[in-house]
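Per-entry structural report
Each chain, written out:
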Amino acid sequence: MNADEIQKVLAMNADKRAEYHHQSVTANREVWTLIDDDGAVLLVDEELDCVPVW
């Protein structure tokens, strides 16, 4: 992605960014996440545990 493409994505609302993400994952057949020695990195709050992907 070039800088203009990144700015277009950042300007999208949450629903459009999610749609863009799903289309990108489908087209590229690839998902990225972070791992460490203990496994996948999680985002945790009081109610949810989430795995960040991009």
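These lines cover the structure that appears in this document, whether it is placed above or below. Only a predicted model underlies this, so the values are computations on that prediction, with no experimental measurement involved. (Residues numbered from 1 in each chain as written. Predicted model: local features only at pLDDT ≥ 70, side-chain atom pairs only at ≥ 80, totals over all residues. Heavy atoms only, no water.)

Before going further, it helps to spend a moment on the overall build of the protein chain. On a plain count of helices and strands, the protein chain comes out with 2 helices and 4 strands. Of the regular secondary structure in the protein chain, the N- to C-terminal order runs α-α-β-β-β-β. Against the 2.2 N^0.38 benchmark of 10 Å for 54 residues, the protein chain shows a C-alpha radius of gyration of 14 Å, more extended than a compact globule. Taking the principal axes of the C-alpha coordinates as reference, the protein chain spans close to 35 × 25 × 20 Å. A total of 54 residues make up the protein chain; the buried ones form 4% of that total. Counting only carbon and sulfur atoms, one obtains 54% of the accessible surface of the protein chain, whose full area is about 5100 Å². Mean positive and mean negative side-chain charge positions of the protein chain (4 and 12 charges, respectively) differ by 16 Å. (Helix = DSSP H or I, 4+ residues; strand = E, 2+ residues; numbered from the N terminus. Rg over C-alpha atoms; globule rule 2.2 N^0.38 Å. Buried < 20%, exposed > 50% of the residue type's maximum accessible area, 1.4 Å probe, protein only. Areas by Shrake-Rupley, 256 points an atom, 1.4 Å probe, with all protein chains shown as cover. Lys, Arg positive; Asp, Glu negative; His and termini not counted. Charge placed at Lys NZ, Arg CZ, Asp CG, Glu CD.)

Turning next to the layout of surface pockets. Quantified by volume, the largest pocket comes out at close to 270 Å³. As for the largest pocket, its lining consists of Met1, Val9, Arg17, Tyr20, His21, Ser24, Val25, Asn28, Glu30, Trp32, Val53 and Trp54. Here the element with the most residues in the lining of the largest pocket is helix α2 (residues 14-28); it accounts for 6 residues. The residue makeup of the lining of the largest pocket, split by class, is 7 nonpolar, 3 polar and 2 charged. (1 Å grid on protein atoms, 1.4 Å probe; cavity = no way out; pocket = protein on both sides within 12 Å on 5 of 7 lines; lining within 4 Å. Points joined across faces, edges and corners; volume = space filled by probe spheres on them. Nonpolar A, V, L, I, M, F, W, Y, C, P; charged D, E, K, R; others polar.)

Here we take up α2. Counted at 1.5 Å a residue, the expected span for α2 with its 15 residues is 21 Å, and the 21 Å between its end C-alpha atoms agrees. Sitting at the head of α2, asparagine 13 places a side-chain oxygen 3.1 Å from the backbone nitrogen of aspartate 15. Directly after α2, the chain includes arginine 29, whose backbone phi takes a positive value near 50°. (Expected span 1.5 Å × (residues − 1). Polar contact = N/O pair within 3.5 Å; in protein donor to acceptor, adjacent residues only side chain to side chain.)

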